[in-house]
Amino acid sequence: MNTFENLNLNEQLMGAINRLGFKEPTQIQRDTIPLILNDKDVIGESATGSGKTLAFGAGIIKKCNPGEGVQAIVLVPTRELAEQVKDEMIKLSYQKQIKILAIYGGVSINPQIDDLRRAEVVIATPGRLLDHLTRRTIDTSKVKIFVLDEADRLVDMGFIEDVEKIIKACPTDRQTLLFSATIYQSAKQIAETYMKNPTMVHATRMVDPTKLEQKYYDVPSNLKKELLIHLLKKENSDLTMVFCNTRRITDMVVEVLKVNGIRASSIHGGLTQVKRLKTIDLFHNGKFQVLVCTDVAARGLHIEGVTHIYNFDIPKDPKDYVHRIGRTARAGKEGLVMNILTQRDYGNFARVQDTFREFSIQKEDRPYLKMTIKNPERNSSRRSDNSQNRRNYGRNNNNNRFNNRSNNGNSRFGKSSSNSSGSQRNFKRRYWKNYKKQFQIEFDQLSQ
Ligand code: ADP
Ligand code: MG
């Protein structure tokens, strides 16, 4: 029988799990927990939302003792995920006096230094943890368990060198665990170098396709926003996430939704940490219905009640597609994914279909669109520099920025000079300023 009782957990953990109301372990939990409790190194690959946190969390909580220093480190790619994993682990540590700490950048380091003296378990993003290592404000000599959560993303986001430095600072007789929804070559390399005869465990490889309906619409680019708003208004959804490829488009979409009467907010890497956490919190609590975000928000976050995912852009990297759609249909619930394609998404979409042949993404006919949406920039009488920027970036979200530069550039000149009140020279200056910003944005995203 598939019960938690069979997993050799202790009374404390059983109590915490009962309190969470979980009836039976998920596949990844059932297959990895016994290995983890047996001190084995494990590579766990399983769908988003399949309960990986509890899989490694149970091992950590069982093995760490109060007052014995930092005994477990979990590295995660984003600050939001650090908070979320910490919260889940705190629930698992119910009635066990161990201190679990989230450590990440973008907030003051001093309180962390104090907290680290008393912590037993540290959930951290690599950059800030390395900072503490350099300052010698964390003692890693007692670490028994080292976990890489969302390991692929850690590698993709360019954290690999930081991760390696941190691993090297931990004792060699530690246990190393690596978890991800997708395990690709790069993460495997870490495994070969830093793990001891790891056992590979594959649970359901991807999001459970039977729980998830995926559709796509193919529209001319001037109807993209129109269709999004039409669908958002028509669909009977609970919480909804809309994914965009750049920060700029994210902001543009939020603005369009707001002027069209849809309560929306955004999160992306350009916002402060405090603002990002606050937004996620408000969304969690249903204070607004549509969260518009870049891929930063997609990784590993679990938000209860997300029923609809919209891809306003198709991501360049097919792995990001899986992580986006993994925000819904979690823990056995159902979900719907809508992809809004225009010509410039074809390449990315083809790559998604190629990579995940098991997905069946149904084509939907475009509904009749009345072209009635309000456009923030067209409506405002004083068009600010800012909205002008947004307008340009929205059109320009494309890998092929060099071609765009000449093509879109010309058409933009033509269009704007006809309705712009400023002089041609002014407009040219603004145009180049926008371009410089666009490069900066893309650059930021590469280093996100
Ligand atoms: P993953 O890391 O695999 O994406 P999470 O660890 O974030 O997934 O878990 C997703 C959700 O499922 C969380 O809300 C978690 O509390 C819940 N969950 C975990 N294990 C179980 C279980 N055995 N039964 C029911 N729900 C669970
Ligand atoms: Mg996870």
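Above this text sits the structure in question.
Predicted model only: the values in this text are computed from it and were never measured.

### Here we look at the overall build of the chain
When helices and strands are tallied, the chain shows 18 helices and 14 strands. Per-residue burial for the chain yields a buried fraction of 44% across its 448 residues. Long-range contacts, defined as pairs at least 24 residues apart, comprise 77% of the intrachain contacts of the chain with a sequence gap of at least 6.

### Points about the pairing of strand S13 (residues 335-341)
Counting buried positions over the seven residues of S13 gives five, a clear majority of the element. Strand direction decides the pairing type here: strand S12 (residues 306-311) and S13, joined by four bridges, are parallel. Its bridge partner being in S13, Ile309 is matched across the sheet by Val337.

### Some thoughts on the sheet that holds strand S10 (residues 264-267)
Spatially, the seven strands line up as an open sheet ordered S10-S11-S9-S12-S13-S8-S14, and their pairing is parallel. At either margin of the open sheet sits one strand with a lone partner, and together these are S10 and strand S14 (361-363). Averaged over all pairs of adjacent strands, the angle between strand axes in this sheet comes to 25°, irrespective of strand direction. Relative to S13, strand S8 (residues 212-218) runs parallel, the two being bridged by seven bridges. Within S13, the residue paired with Leu212 across the bridge is Gly335. Along the sheet, helix H10 (residues 224-234) makes contact with S8, strand S9 (239-243), strand S11 (290-293), S12 and S13, crossing S13 at roughly 160°.

### Side note on helix H11 (residues 247-259)
With 13 residues, H11 should cover 18 Å at 1.5 Å per step; its first-to-last C-alpha distance of 19 Å lies within 8% of that length. Here H11 has its buried residues at Arg247, Arg248, Ile249, Thr250, Asp251, Met252, Val253, Val254, Val256 and Leu257. Looking one or two residues beyond H11, the residue adopting positive phi is Gly261, at roughly 80°.

Criteria and thresholds
- Residues numbered from 1 in each chain as written.
- Chains lettered and ligands numbered in written order.
- Predicted model: local features only at pLDDT ≥ 70, side-chain atom pairs only at ≥ 80, totals over all residues.
- Helix = DSSP H or I, 4+ residues; strand = E, 2+ residues; numbered from the N terminus.
- Buried ≥ 20, exposed ≤ 12 C-beta atoms within 10 Å, placed from the backbone.
- Contact = placed C-beta atoms within 7 Å.
- Pairing = 2+ DSSP bridges.
- Axes fitted to C-alpha atoms, helices over the stretch in contact; angles between N-to-C directions.
- Expected span 1.5 Å × (residues − 1).

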